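Residues per chain are reported as follows:
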2 protein chains.
Amino acid sequence: MSFISSTPTPPYYAVIFTSIRTDVDDDYRLTATRMAELASKEEGFLGIESLRDEQGNGITVSYWRSLEDIRRWKINTEHLEAQSNGRKKWYSAYKTRIAKVERDYDFASLK
Amino acid sequence: MSFISSTPTPPYYAVIFTSIRTDVDDDYRLTATRMAELASKEEGFLGIESLRDEQGNGITVSYWRSLEDIRRWKINTEHLEAQSNGRKKWYSAYKTRIAKVERDYDFASLK
């Protein structure tokens with residue numbers, strides 16, 4: 001599976017989640033893995049691309065068919081609990097941006 | 001300066017550039033730094049968030065006031081040359097998504 005998500009022809013939606021981690025671990029990794037797994041089973045989920053560096057800076061972009069699909073995932077019970085723990089323990093700051101992908105283009109070399 | 005860009009109230013635009021690096025260095029880092037610097041001077045530039053891991057997977061999200069600003073940056077002469085070298089040398093694959101940020105919300109703890 002490539003790092004780059006194979007999303008369908010636009011339009012579709014992106015949730016750009018940029019975050020800064022605290023030093024607190026306490027089930028963070030387990031929960032992050034679980035959330036990616038749960039999200040991928042949600043209706044309308046199209047893909048996820050995620051990176052975090054050693055200073056704790058992270059970018060996760062998930063792709064969705066519609067705003068309704070994003071809303072449903074946002075209020076998923078387990079996800080709500082993870083969001084709450086995120087604010088209480090794991091993140092010192094984050095920003096979530098909901099965006100409509102209007103155009104995309106890609107490149108893959110034969111190298 | 002925080003890792004998380006201080007963008008204005010939506011709507012504004014995001015360019016989500018997801019990429020996989022080759023092993024070829026050859027001025028990559030110099031050019032990447034130069035492009036971030038050049039972009040930040042372009043009219044309508046609102047911010048940039050960028051990460052790359054040790055496997056060569058990268059996500060760069062830049063934020064812009066309008067599609068016209070994105071277009072102007074895309075055809076900037078130095079940037080066009082960098083894009084060409086990107087396809088010839090530095091990236092084995094990439095995907096660019098142009099998206100309209102419709103909503104955002106953030107969190108900053110007092111910790």
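Provided above is the structure to which this section pertains.
Residues numbered from 1 in each chain as written. Chains lettered and ligands numbered in written order. Predicted model: local features only at pLDDT ≥ 70, side-chain atom pairs only at ≥ 80, totals over all residues. Heavy atoms only, no water.

What to know about the relation of the copies chain B and chain A
Least-squares fitting of chain B to chain A yields an RMSD of 0.0 Å, with the superposition described by an axial translation of 0.0 Å and a rotation of 180°. On this basis, the relationship between the two copies can be described by a two-fold rotation axis. By residue overlap, the copies meet face to face through one surface: 100% of the interface positions of chain B are interface positions in chain A. (Least-squares fit on C-alpha atoms with pLDDT ≥ 70 in both. Contact = heavy atoms within 4.5 Å.)

Remarks on the packing of helix α1 (residues 28-41) of chain B against helix α3 (residues 77-90) of chain B
Residue and element names in this part refer to chain B. Direction vectors running N to C along α1 and α3 enclose 150°, while the axes themselves pass 11 Å from each other. Taken as a pair, α1 and α3 cross one another with a handedness that is left-handed. Contacts between α1 and α3 involve Y28, T31, R34, M35 and L38 on the former and, on the latter, E78, H79, A82 and W90. Residue composition of the contact of α1 with α3, by class: 5 nonpolar, 2 polar and 2 charged. (Axes fitted to C-alpha atoms, helices over the stretch in contact; angles between N-to-C directions. Helix = DSSP H or I, 4+ residues; strand = E, 2+ residues; numbered from the N terminus. Left-handed = near helix turned anticlockwise from the far one by under 90°. Nonpolar A, V, L, I, M, F, W, Y, C, P; charged D, E, K, R; others polar.)

Points about the packing of aromatic side chains
In the structure shown here, the tally under the stated rule is 18 aromatic pairs over all chains. Ring centres 5.4 Å apart and planes at 85° place the aromatic pair F45 of chain A and W64 of chain A in the edge-to-face group. With F45 of chain A in strand β2 (residues 45-52) and W64 of chain A in strand β3 (residues 57-64), this residue pair connects regions lying 19 residues apart in the sequence. Three or more aromatic residues joined by ring pairs form one cluster here, namely F17, Y28, W90, Y91 and Y94 of chain A together with F107 of chain B. One Lys or Arg, R97 of chain A, reaches over the ring of Y63 of chain B and ends 4.0 Å from the middle of that ring. Above the face of the Y28 of chain B ring, R21 of chain B is positioned so that its terminal group lies 3.8 Å from the ring centre. (Phe/Tyr/Trp six-rings, centres within 6.5 Å; stacked < 30°, edge-to-face > 60°. Lys NZ or Arg CZ within 6 Å of the ring centre and 35° of its normal.)

Some thoughts on the interface of chain B and chain A
On the side of chain A, 49 residues touch chain B, which itself brings 49 residues to the contact. Summing both sides of the interface, chain B and chain A together bury roughly 4,200 Å²; the carbon and sulfur share of this comes to 60%. On the chain B side of the interface with chain A, the three residues burying the most area are R97, Y105 and F107 of chain B, jointly 17% of the side's total. Run the count over chain B and chain A and you get 6 salt bridges. In this structure, R97 of chain A engages E49 of chain B in a salt bridge whose closest nitrogen and oxygen atoms are separated by 3.2 Å. Where chain B packs against chain A, one counts 23 residue pairs in polar contact (both at pLDDT 80 or more). Elements represented by at least two residues in the side of chain B that touches chain A include exactly β1 (12-21), β2 (45-52), β3 (57-64), α2 (67-74), α3 and β4 (91-108) of chain B. By residue number, the principal contributor to the side of chain B that touches chain A is β4 of chain B, which donates 18 residues. The residue makeup of the side of chain B that touches chain A, split by class, is 21 nonpolar, 12 polar and 16 charged. Of the strand pairs in this sheet, strand β4 (residues 91-108) of chain A and β4 of chain B are connected by 15 bridges, and their pairing is antiparallel. (Buried area = accessible area lost by both parts, 1.4 Å probe. Salt bridge = Lys/Arg side-chain N within 4 Å of Asp/Glu carboxyl O. Polar contact = N/O pair within 3.5 Å; in protein donor to acceptor, adjacent residues only side chain to side chain. Pairing = 2+ DSSP bridges.)

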